[in-house]
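Next come the chains, spelled out residue by residue.
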Amino acid sequence: MENNNDEFNKKNRCTRFITGFVISLVALVCFLSGGIPLFCFLMVVLFLAAKEYVQILRNKGFHPSLSLICATSLVFGLLIFFRRFDLVPCVLSFAIMASFLIVLFMGRQPYIANVATTALGFMYGGWLPCHILLLRQMGSDSVNFFVPGANAGLYLLLYVFLIIVATDIGAYYFGSKFGRIKLSKVISPKKTVEGAVGGGLFAVFVAAFGVFYTNLTPVEAIIGGVLITTFAQLGDLSESLIKRDAGVKDSSNILPGHGGLLDRTDSYVFALPVAYYYLACFTGGNNIVVDFITYLAKGV
């Protein structure tokens with residue numbers, strides 16, 4: 001019986017590795033290509049993840065609008081792709097109103113919960129992940145449709161990607177080898193403090209090498225590593241919170257060895273926005289805090 005369990009675990013680890021490798025390879029190709037390939041890749045991921053999100057919440061008796069979540073996420077992506085940031089507040093406003101109208105005319109009980117979970121869907125599963133496009137466009141003055149562009153955004157996106165991967169690898173290794181103290185017994189019983197710390201330390205170590213392929217200083221690279229690994233793990237826990245509340249183990253079984261797309265991408269949902277705003281506002285000679293204090297000083 002024990003040999004069967006060992007064989008099953010070995011096969012599961014092998015399946016998990018192959019799936020993770022294929023996904024990472026596809027993602028890396030799209031990162032390098034940028035433009036339309038990255039946009040299409042993101043939209044496919046968002047659509048499949050939105051379906052998982054809606055299915056999870058149906059276990060709670062909620063019925064968010066999948067069509068509105070997908071449509072709003074697509075529009076968010078298009079606005080970012082074509083750099084029409086001025087229209088984002090407009091789209092957000094009408095999307096929230098549409099959440100009410102869909103429930104008002106076509107919804108079912110519980111009404112308010114359906115409005116809230118729809119709005120959460122296009123913000124959590126649409127707006128936040130779309131920051132990957134903002135990251136990829138950093139350092140570029142034009143929309144890149146087809147030709148791969150090795151601009152600053154590419155290297156910064158790789159920097160973020162490697163940190164998140166390092167977080168997952170470090171957390172898995174240290175958690176399985178040394179894990180004793182539960183990180184969150186209720187939300188995610190398998191995660192441990194040792195795994196979280198180990199994943200964070202390994203991520204910061206990997207982040208330090210960012211100085212060799214980005215314009216970040218050593219201090220900026222390390223601070224970025226701390227922020228990104230922290231919010232990657234918080235994003236993981238947040239998705240676990242949704243699943244735990246709905247009483248499901250995996251968001252789906254679309255990815256062998258990993259569960260669903262939400263399970264595989266949850267770390268990126270929080271990490272991407274944090275990484276973008278940190279890199280855009282606090283690195284490369286930019287610091288909005290210093291700028292704000294200087295502005296106030298000029299007024300005095």
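Draft legend 1. Molecular detail of unusual backbone geometry. For Arg-83, which is not a glycine, the phi torsion comes out positive at approximately 60°. Note on placement: Arg-83 falls in the loop between helix H3 (66-81) and helix H4 (88-106).

Draft legend 2. Broad picture of the pattern of salt bridges. Inspection of every chain in the model, using the stated rule, returns six salt bridges. Residue Asp-86 is joined to Arg-84 by a salt bridge in which the shortest nitrogen-to-oxygen separation is 2.8 Å. For the salt bridge of Lys-243 with Asp-263, the shortest nitrogen-to-oxygen distance reads 2.7 Å. One end of the pair, Lys-243, is in helix H9 (residues 218-246); the other, Asp-263, is in helix H10 (residues 261-281), with 20 residues separating them in the sequence. According to the relative accessible area criterion, Lys-243 is buried, its value standing at 9%. By sharing partners, the salt bridges in this structure join Glu-239, Lys-243 and Asp-263 into a single network.

Draft legend 3. Structural detail: the packing of aromatic side chains. Within the structure shown, the criterion is met by 11 aromatic pairs. Considering the side-chain rings of Phe-209 and Phe-212, the 6.2 Å spacing of their centres and the 40° angle between planes classify their relative orientation as tilted. The exposure class assigned to Phe-209 is partly exposed, which follows from its relative accessible area of 40%. Three or more aromatic residues joined by ring pairs make a cluster, and in this case those are Phe-202, Phe-205, Phe-209 and Phe-212.

Draft legend 4. Quick look at empty space enclosed by the protein. What the rule picks out here adds up to three cavities of 30 Å³ or more. Approximately 50 Å³ is the volume attributed to the largest cavity. Forming the walls of the largest cavity are Leu-46, Ala-49, Ala-50, Tyr-53, Ile-69, Gly-121, Tyr-124, Gly-125 and Leu-262. Broken down by secondary-structure element, the contributors of at least two residues to the lining of the largest cavity are helix H2 (35-58) and helix H5 (111-127).

Draft legend 5. Up close: the nonpolar core. Counting residues in each nonpolar core, the largest one holds 61 residues, and the members touching the most others are Phe-31, Ile-132, Leu-135, Tyr-159, Val-160, Ile-228 and Leu-279. Ranked by residues supplied to this core, first place goes to H2 with 11 residues. Excluding its chain neighbours within four sequence positions, the residues that come into contact with Leu-135 are Gly-153, Leu-157, Val-160, Leu-272, Ala-275, Tyr-276 and Leu-279.

Draft legend 6. Up close: H5. An ideal rise of 1.5 Å per residue puts 24 Å on 17 residues; H5 measures up with 23 Å between its terminal C-alpha atoms. Within H5 the residues assigned to the buried category are Ala-113, Asn-114, Val-115, Thr-117, Thr-118, Ala-119, Gly-121, Phe-122, Tyr-124, Gly-126 and Trp-127. Residues of H5 that are buried in the fold lie against H2, H3, H4, helix H6 (131-137), H9 and H10.

Draft legend 7. Spatial organisation of the side chain of Ser-33. Structurally, Ser-33 can be placed in helix H1 (residues 2-33). Within the structure, the side chain of Ser-33 is placed 2.9 Å from the backbone oxygen of Val-29, a separation counted as a polar contact.

Draft legend 8. Quick look at the pairing of strand E2 (residues 188-192). With two bridges connecting them, strand E1 (residues 182-184) and E2 associate as antiparallel partners. Across the sheet, residue Ser-184 finds its bridge partner in E2, namely Ser-188. Between the antiparallel neighbours E1 and E2 lie three residues.

Draft legend 9. Structural context of the confidence of the model for the chain. With 87% of its residues at a pLDDT of at least 70, the chain reaches an overall mean of 86. Across the chain, H3 holds the top mean pLDDT of 95, while helix H11 (residues 288-299) sits lowest at 71.

Draft legend 10. Quick look at the environment of Asn-114. Of note, Asn-114 is situated in helix H5. In sequence terms Asn-114 and Ser-65 are 49 residues apart; their C-alpha atoms lie 7.6 Å from each other. A polar atom in the side chain of Asn-114 sits 2.7 Å from the backbone nitrogen of His-63.

Draft legend 11. Local environment of the layout of surface pockets. One number sums up the size of the second largest pocket: a volume of about 230 Å³. Forming the walls of the second largest pocket are 14 residues, and the residues nearest its centre are Met-138, Ala-152, Leu-156, Asn-215 and Thr-283. Elements with a contribution of two residues or more to the lining of the second largest pocket: helix H7 (152-178) and H10. For the lining of the second largest pocket, the element with the most residues is H7, which contributes three residues.

Analysis parameters
Residues numbered from 1 in each chain as written. Predicted model: local features only at pLDDT ≥ 70, side-chain atom pairs only at ≥ 80, totals over all residues. Heavy atoms only, no water. Helix = DSSP H or I, 4+ residues; strand = E, 2+ residues; numbered from the N terminus. Salt bridge = Lys/Arg side-chain N within 4 Å of Asp/Glu carboxyl O. Buried < 20%, exposed > 50% of the residue type's maximum accessible area, 1.4 Å probe, protein only. Phe/Tyr/Trp six-rings, centres within 6.5 Å; stacked < 30°, edge-to-face > 60°. 1 Å grid on protein atoms, 1.4 Å probe; cavity = no way out; pocket = protein on both sides within 12 Å on 5 of 7 lines; lining within 4 Å. Points joined across faces, edges and corners; volume = space filled by probe spheres on them. Core = buried A, V, L, I, M, F, W, Y, C linked by side-chain atoms within 4.5 Å. Contact = heavy atoms within 4.5 Å. Expected span 1.5 Å × (residues − 1). Polar contact = N/O pair within 3.5 Å; in protein donor to acceptor, adjacent residues only side chain to side chain. Pairing = 2+ DSSP bridges. pLDDT = per-residue confidence, 0-100.

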